[in-house]
Amino acid sequence: QVQLVESGGGSVQAGGSLRLSCAASGSTFSINTMGWYRQTPGKQRELVATIHSGGSTNYADSVKGRFTISRDSAKNTVYLQMNSLKPEDTAVYYCRATRATRPYDSWGQGTQVTVSA
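Residues numbered from 1 in each chain as written. Predicted model: local features only at pLDDT ≥ 70, side-chain atom pairs only at ≥ 80, totals over all residues. Heavy atoms only, no water.

1. Digging into the state of the cysteines
Phase 1: Taken as a whole, this structure holds 1 disulfide when the rule is applied.
Phase 2: Disulfide pairing is shown between C22 and C95; the S-S distance is 2.1 Å. Between C22 and C95, the S-S dihedral sits near -85 degrees, and the bridge is therefore left-handed. In this pair, C22 sits in strand β3 (residues 18-26) while C95 sits in strand β9 (residues 91-99), placing the two residues 73 residues apart along the sequence.
Phase 3: Given the relative accessible area of 0%, C22 is considered buried. (Disulfide = S-S within 2.5 Å. Helix = DSSP H or I, 4+ residues; strand = E, 2+ residues; numbered from the N terminus. Buried < 20%, exposed > 50% of the residue type's maximum accessible area, 1.4 Å probe, protein only.)

Right, here's the structure in full:
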């Protein structure tokens, strides 16, 4: 099992920046992919960005050019640098880890990001 602890959320004005962190513990050796997802009340949780163990990344079209996902393998931590934030980025952001064996998915507790116009 993988445990994920998120931090870095908060409130910022449009155009500002935030950096989210997700520290993984437990069976970190089994993680294939880590990523960030976000959810607004009443809406489906959506993918923001992912990073594979090999280093490849994937981003939602809505955040390309503004967000950057990275990792520090030595610290078992993944980051999401969010620049040029928009009000529509307001959501609870969740860290996710995927592994080859069950449980396949592990989720963090979520951290609130609020962007005001």
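2. Some thoughts on the pairing of β3
Phase 1: Pairing geometry for strand β1 (residues 2-7) and β3, over 6 bridges, is antiparallel. From the neighbouring strand, L4 faces β3, where its bridge partner is A24.
Phase 2: With 6 bridges connecting them, β3 and strand β8 (residues 77-82) associate as antiparallel partners. Counted as the bridge partner of A23 is T77 from β8. (Pairing = 2+ DSSP bridges.)

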